[in-house]
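Single-letter residue listing:
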Amino acid sequence: MVLHVRHVGLGVPDLRSARNFYENYWKLEVVEADGDRLYFGAGCPESHVLRLRATEEARVDVIAFAAESPSEVDRIAERVAHHPRGRLIGEPGVRQDLGGGYAVRFLDCDGRTVEVSADVRGRVFRPVEEAETRPKSIGHVVLNTIDLQGAREFYESVLGFMVTDWVEDVMCFLRSGRAHHIIAFTRAPHASLNHVAFEMRGLDEFMRATGSLMRAGIAPVWGPGRHGVGQNTFSYFQEPSSGFVLEYTTAAQLIDDEHGWTPKVYPADAQTTDVWGTANARDEAVSATLIGRPDPGLWSPPPV
Ligand SMILES: [Fe+2]
């Protein structure tokens, strides 16, 4: 099984504008610049939590998960090779990007490039202190898919995820450890990135971060609020130059009894989406922003 989301790699058409947003507004730290690639760190030991690459169109390059050991990377590669909808991008081996390590890349059931790695070098980082609005790490990623059951089956059988909860038959939350979800899938007319959620230190820091973007004139797409399913707080914002949606989140439900847990099916109502009732309505415009455009990165692994 995998441990957590290490980083997300995004292709962006305007690297300078995207950098400005992630560095000066989203409060990530540039840790390395390498030609057309920029690496951002957060308040965690990961070498980076976000990689931006200059591309013609906005696209998802890679979603990278941590595995506990190189032999687990090998086992996952085996399972991809034997899955009818999995496609390896080369054999497992030395990872050729910031942090090094041992990794395998493959295309998932919808053609997304996924990386699973072990033994990646961490970096010296400064932990997030009280009242700081810097994100700690990536908490979860939500992906849009046409085939919700196909995605669930692939991520369960290849990566060892377990279903935590559902929202009707439109959303499926998957865990790999105690956090309620580190990945989720939403039924949509096409496959694309729904959003990347950044974990904040706590409720106070979550609200301060939300407020500091609002004061800077960047209104949330949706939020702030607290989801009924997963119990995590949410403020969704859109990076203006690429259109990708990011979330500040904290205080997600922890699953203590992993074997005694029975997935629940929540209705798609206001209590499920926003228990506090503080967020703007989840209207068509909000949905359209989260569904985004079909991802040109599908079936097309990045060159690096
Ligand atoms: Fe989320």
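Residues numbered from 1 in each chain as written. Predicted model: local features only at pLDDT ≥ 70, side-chain atom pairs only at ≥ 80, totals over all residues. Heavy atoms only, no water.

**Notes on the pattern of salt bridges**
- Counted under the stated rule, the structure contains 25 salt bridges.
- The shortest N-O distance in the salt bridge between Arg-19 and Glu-23 comes to 3.0 Å. With Arg-19 and Glu-23 both in helix H1 (residues 15-25) and four residues apart, this pair spans about one turn of that helix.
- In this structure Arg-19 comes out as partly exposed when scored by relative accessible area, which is 31%.
- Notably, a salt bridge pairs Glu-132 with Arg-126, separated by 2.9 Å at the nearest N-O pair.
- For Glu-132, a relative accessible area of 17% translates into the label buried.
- Where salt bridges share partners, they join Asp-34, Asp-36, Arg-37, Arg-51, Arg-53, Arg-59, Asp-61 and Asp-97 into one cluster. (Salt bridge = Lys/Arg side-chain N within 4 Å of Asp/Glu carboxyl O. Helix = DSSP H or I, 4+ residues; strand = E, 2+ residues; numbered from the N terminus. Buried < 20%, exposed > 50% of the residue type's maximum accessible area, 1.4 Å probe, protein only.)

**Re the packing of aromatic side chains**
- All chains considered together, the criterion is met by 16 aromatic pairs.
- Relative to Phe-234, the ring of Trp-222 lies with its centre 4.5 Å away and its plane at 40°, an arrangement referred to as tilted. With Trp-222 in strand E15 (residues 222-226) and Phe-234 in strand E16 (residues 233-238), this pair connects stretches of sequence that are twelve residues apart.
- Site record: aromatic cluster; members linked through ring pairs are Phe-21, Tyr-22, Tyr-25, Trp-26, Phe-40, Phe-198, Phe-237 and Tyr-248.
- Above the face of the Trp-222 ring, Arg-282 is positioned so that its terminal group lies 5.0 Å from the ring centre. (Phe/Tyr/Trp six-rings, centres within 6.5 Å; stacked < 30°, edge-to-face > 60°. Lys NZ or Arg CZ within 6 Å of the ring centre and 35° of its normal.)

**Quick notes on the sheet that holds strand E11 (residues 162-167)**
- The nine strands are arranged E15-E16-E17-E14-E10-E13-E12-E11-E18 in an open sheet whose pairing can be described as mixed. Two strands close off the open sheet at either side, each with one partner strand: E15 and strand E18 (264-266). Neighbour-to-neighbour, the strand axes of the sheet open up by a mean angle of 20°, direction not taken into account.
- Relative to strand E14 (residues 192-199), strand E10 (residues 137-145) is paired through seven bridges, and the arrangement is antiparallel. By the bridge assignment, Leu-143 is partnered in E14 with Leu-193.
- Along the sheet, helix H4 (residues 203-215) contacts E15, E16 and strand E17 (245-249); its crossing angle with E16, the most-contacted strand, is approximately 25°. (Pairing = 2+ DSSP bridges. Axes fitted to C-alpha atoms, helices over the stretch in contact; angles between N-to-C directions. Contact = heavy atoms within 4.5 Å.)

**Section: the nonpolar core**
- Core analysis: the largest hydrophobic core is formed by 62 residues, its most contacted members being Tyr-22, Trp-26, Leu-52, Phe-65, Val-116, Tyr-155 and Leu-159.
- The leading source of residues in this core is helix H3 (residues 148-159), at six residues.
- Viewed by domain, this core spans two of them, domain 1 (2-118) and domain 2 (137-291), each represented by three or more residues.
- The contacts of Tyr-155, once residues within four sequence positions are left out, are Phe-65, Asp-108, Arg-112, Val-114, Leu-143, Gly-160, Phe-161, Leu-174, Ile-183 and Phe-185.
- Grouped together as the second largest cluster of nonpolar side chains are eight residues, Phe-234, Tyr-236, Ala-279 and Leu-290 included. (Core = buried A, V, L, I, M, F, W, Y, C linked by side-chain atoms within 4.5 Å. Domains from an automatic or database assignment.)

**A look at the coordination of the iron ion**
- Within the protein, the iron ion binds to His-140 (NE2), His-195 (NE2) and Glu-247 (OE); these donor distances fall in the range 2.0 to 2.1 Å.
- Counting residues between consecutive donors of the iron ion along the chain gives the motif H-x54-H-x51-E. With His-140 in strand E10 and Glu-247 in strand E17, this pair connects stretches of sequence that are 107 residues apart.
- His-140 sits in the buried class, given a relative accessible area of 4%.
- In this structure Glu-247 comes out as buried when scored by relative accessible area, which is 0%. (Donors = N, O, S within 2.8 Å, 3.2 Å for Na, K, Ca; no water.)

**As for the state of the cysteines**
- Scanning the model with the defined rule gives zero disulfides in all.
- Here Cys-172 is not disulfide-linked; the sulfur of Cys-109 is the nearest cysteine sulfur, at 12 Å.
- For Cys-172, a relative accessible area of 1% corresponds to the buried category. (Disulfide = S-S within 2.5 Å.)

**Quick notes on the environment of Asp-256**
- Topologically, Asp-256 is positioned in the loop between E17 and E18.
- A sequence separation of 57 residues divides Asp-256 from Glu-199, and the C-alpha atoms of the two residues are 20 Å apart.
- Here the side chain of Asp-256 touches Arg-178 through a polar contact of 2.5 Å, side chain to side chain. (Polar contact = N/O pair within 3.5 Å; in protein donor to acceptor, adjacent residues only side chain to side chain.)

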